[in-house]
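Residues per chain are reported as follows:
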Amino acid sequence: MFRLILMLTALMVSTSLQAGEIQPFKAQYHLVIDGWPNADMTHQLERDKEGWRTTMHASIKIATGYEYSRFRLRNDTDVAPWSFYSRYRLFGFGDTYRLDDQQLAALPDRQAALFALSRQAFNAPSCRGRQTTPCTFAYVDHKARQRDMAWRVIDDPEMSVPQGHWQTRHVEAWDEDKPDRRMNFYFTSRYPGLLVQTDYFRDGKLSARLQLTGLETP
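Residues numbered from 1 in each chain as written. Predicted model: local features only at pLDDT ≥ 70, side-chain atom pairs only at ≥ 80, totals over all residues. Heavy atoms only, no water.

1. Describing the sheet that holds strand 4 (residues 63-74)
Inference 1: The 12 strands are arranged 6-5-4-3-2-1-14-13-12-11-8-7 in an open sheet whose pairing can be described as antiparallel. If you trace the sheet from one side to the other, it starts and ends with strand 6 (93-99) and strand 7 (135-140), each paired once. Each neighbouring strand pair of the sheet contributes to a mean axis angle of 20°, computed without reference to strand direction.
Inference 2: For strand 12 (residues 181-187) and strand 13 (residues 195-202), the ladder comprises 7 bridges, and the chain directions are antiparallel. Looking at the pairing, Arg 182 lines up with Phe 201 of strand 13. (Pairing = 2+ DSSP bridges. Helix = DSSP H or I, 4+ residues; strand = E, 2+ residues; numbered from the N terminus. Axes fitted to C-alpha atoms, helices over the stretch in contact; angles between N-to-C directions.)

2. Some details on helix 2 (residues 110-120)
Inference 1: Burial of helix 2 is extensive: 9 of the 11 residues sit out of reach of the surface.
Inference 2: Every buried residue belonging to helix 2 is among Arg 110, Gln 111, Ala 112, Ala 113, Leu 114, Phe 115, Leu 117, Ser 118 and Arg 119, and all of these are buried.
Inference 3: Measuring from the side-chain oxygen of the N-cap residue of helix 2 to the backbone nitrogen of Gln 111 gives 3.0 Å; that N-cap residue is Asp 109. (Buried < 20%, exposed > 50% of the residue type's maximum accessible area, 1.4 Å probe, protein only. Polar contact = N/O pair within 3.5 Å; in protein donor to acceptor, adjacent residues only side chain to side chain.)

3. Some words on the confidence of the model for the protein chain
Inference 1: Put simply, the protein chain has an average pLDDT of 88, and 90% of its residues get 70 or more.
Inference 2: For residues 1-19, every residue scores under 50 in pLDDT, and the model assigns this stretch 69 contacts once sequence neighbours within four places are set aside. (pLDDT = per-residue confidence, 0-100. Contact = heavy atoms within 4.5 Å.)

4. Describing unusual backbone geometry
Inference 1: Despite not being glycine, Ala 144 shows a phi value in the positive range, around 65°.
Inference 2: With respect to the element layout, Ala 144 can be found in the loop between strand 7 and strand 8 (146-155).
Inference 3: What makes Ala 144 partly exposed here is its relative accessible area of 32%.
Inference 4: Positive phi outside glycine occurs at Asp 203, with the angle close to 55°.
Inference 5: For Asp 203, the location among the structural elements is in the loop between strand 13 and strand 14 (205-216).

5. Side note on the side chain of Gln 197
Inference 1: Mapped onto the fold, Gln 197 is located in strand 13.
Inference 2: According to the relative accessible area criterion, Gln 197 is buried, its value standing at 6%.
Inference 3: For Gln 197, the side chain forms a polar contact with the side chain of Gln 211, separated by 2.8 Å.
Inference 4: With near-sequence residues (within four places) excluded, Gln 197 lies in contact with Met 159, Val 161, Asn 184, Phe 185, Tyr 186, Arg 209, Leu 210 and Gln 211.

6. Topic: the state of the cysteines
Inference 1: One pass over the structure, following the stated rule, counts 1 disulfide.
Inference 2: The side chain of Cys 127 participates in a disulfide bridge whose partner is Cys 135; the two sulfur atoms lie 1.6 Å from each other. The disulfide joining Cys 127 to Cys 135 has a torsion of about -80° about its S-S bond and is therefore left-handed.
Inference 3: Judged by relative accessible area, Cys 127 falls into the buried class, the value being 2%.
Inference 4: Relative accessible area serves as the criterion here: at 17%, Cys 135 is assigned to the buried category. (Disulfide = S-S within 2.5 Å.)

7. Side note on the pattern of salt bridges
Inference 1: Applying the stated rule across the entire model yields 9 salt bridges.
Inference 2: A salt bridge links Arg 169 to Asp 156, with the nearest nitrogen and oxygen atoms 2.7 Å apart. Of this pair, Arg 169 sits in strand 11 (residues 169-175) while Asp 156 sits in the loop between strand 8 and strand 9 (158-161), and the two are 13 residues apart along the sequence. Assigned by exposure class, Arg 169 and Asp 156 land together as buried.
Inference 3: Sharing partners across several salt bridges, the network here consists of Arg 128, Asp 156 and Arg 169. (Salt bridge = Lys/Arg side-chain N within 4 Å of Asp/Glu carboxyl O.)

Here is the structure:
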């Protein structure tokens, strides 16, 4: 389960859809994973005195996962994180990790990278289509190890989730070292950073699904 939570938080064109202005939100999700109890997750984007803070938290009886990223925006476009924190527990045991501005000077953490991908997906026409050469981005994981991801825009489906009906942008992403594992993100232009739905495929089989169940906005 924790590998999946890490992947879910790790990760990041029709001209009628463009990335909207950044807006704070608090979202609730339901996560279904093969072989594990179902879990509920919260995801919040809020203003921070230094810029923005994005936080994710998931919990079941035997396990919890929590992490956040604090970042600024350069020129209203580039994400510049300066603090990352993550904590994971399984049966009461686990680890805590922190990254500072020096460790994040060259590459973003995965929370900041996911936020950046949710915006870039609406502004990269060259990355659209199943047959196109994928675009790439790099980030550092919770242990400051570099990860290289490939991604491309698939389509713009209208979809219904427990929270309601959404116009979305479907982005397929994968670790270049593990092409058999694919994340399918469904972003919305209305709230950059928000996940409407996320599907995780392994060897072509759907192994987990995250769906939006609630949304609070100021």
